[in-house]
Amino acid sequence: MAVDWADDAPATETAWTRLTAAERTTIERIDAERLHRERAGMSPRFADRLLEPQYAVRNRFRLWEHLIRRLEQDGLGDGYLIDLYFNDLASRDSLGTILEAHPELAAGELGTLLTSLDRRFDAATDFDGGAERRRWTTRFESEQLSPRWSRRPRTLPWEH
C-alpha cells in the first residue's frame, strides 16, 4: 500500500515547496552521493533499477514525521518492533549530520522543520534515560547518541 505523504507527512511536503533553488541543488548532490552508496551494496541488476536513494533527504524527513505522527496518535501498532524504532532514531540522527555539514540547509526551511519535528517527538515520548534501549541492546554507546535515544514511546508496541 502506497503512503500518501501529503496526508502522512504534511509538514515535510509543505517545507519542500518552500526550498530555494540553492537548497534543492544541495539536496540533489547529497542524494546523488547517497544513491551511489546504496547502489554499491547491490548487484548490478538491482542497482540499475534504483532511481533514487531509499534514504533520500526528503524520505528521511518523511519517515521522521511519519513516526512522530504515529507516536502522537499512540498508533505504532503491534508490528512495530524495537529495531524499527532504532532505525528511525538513526535516520533522524543522519538528518542532523546532514544539516551540520550543510549550514545553509540548517539555516533555512529544513532547519526549522527539523526543530519543529524534534519538539513534537519530545512531546510525544517519555524520557527514560535510555533504559528501554539498554534493555534490548548494548550495540549503542550512550555518549555517541543524541538525546532522542534516551526517550521511548509512551506505549511500547513491542511489549504486546
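The model shown is predicted, which means the values in this text are computed figures rather than measured ones.

Turning to the overall build of the protein, a few remarks are in order. Counting its secondary structure elements, the protein contains nine helices and two strands. Counted from the first residue to the last, the protein has its helices and strands arranged as α-α-α-α-α-α-α-α-β-α-β. For 160 residues, the compact-globule estimate of 2.2 N^0.38 gives 15 Å, and the C-alpha radius of gyration of the protein, at 16 Å, lies within 12% of that figure. The dimensions of the protein, computed from C-alpha atoms along their principal axes, are 40 × 35 × 35 Å. The burial tally for the protein puts 44% of its 160 residues in the buried class. Of the accessible surface of the protein, which amounts to about 9200 Å², a share of 52% is contributed by carbon and sulfur atoms.

With 31 residues, the main nonpolar core has V57, F61, W64, Y85, L110 and F121 as its most contacted residues. Broken down by secondary-structure element, the contributors of at least two residues to this core are α2 (10-17), α3 (21-40), α5 (57-72), α6 (82-101) and α8 (109-124). With seven residues, the top contributor of residues to this core is α6. Here W64 is in contact with D88, L89, R92, L95, L114, L117, D118, F121 and R148, once residues within four sequence places are set aside.

The set of residues buried in α2 consists of T12, E13, A15 and W16. Buried residues along α2 cover an arc of 160° about the axis, so they all sit on one side. Buried residues in α2 make contact with α1 (5-8), α3, α5 and α8.

Next up on the list: the layout of surface pockets. Space inside the largest pocket adds up to approximately 200 Å³. Contributions of two or more residues to the lining of the largest pocket are made by α3 and α5. A total of four residues in the lining of the largest pocket trace back to one element, the largest contributor, which is α3. Of the residues contributing to the lining of the largest pocket, the split by class is five nonpolar, one polar and six charged.

Below, the discussion takes up the side chain of S150. Turning to its location among the elements, S150 is positioned in the loop between α9 (131-136) and β2 (151-153). Discounting residues that sit within four places of it in the chain, S150 has contacts with D126, F127, D128, G129 and G130.

Calculation criteria
- Residues numbered from 1 in each chain as written.
- Predicted model: local features only at pLDDT ≥ 70, side-chain atom pairs only at ≥ 80, totals over all residues.
- Heavy atoms only, no water.
- Helix = DSSP H or I, 4+ residues; strand = E, 2+ residues; numbered from the N terminus.
- Rg over C-alpha atoms; globule rule 2.2 N^0.38 Å.
- Buried < 20%, exposed > 50% of the residue type's maximum accessible area, 1.4 Å probe, protein only.
- Areas by Shrake-Rupley, 256 points an atom, 1.4 Å probe, with all protein chains shown as cover.
- Core = buried A, V, L, I, M, F, W, Y, C linked by side-chain atoms within 4.5 Å.
- Contact = heavy atoms within 4.5 Å.
- Arc of directions from axis to C-beta.
- 1 Å grid on protein atoms, 1.4 Å probe; cavity = no way out; pocket = protein on both sides within 12 Å on 5 of 7 lines; lining within 4 Å.
- Points joined across faces, edges and corners; volume = space filled by probe spheres on them.
- Nonpolar A, V, L, I, M, F, W, Y, C, P; charged D, E, K, R; others polar.

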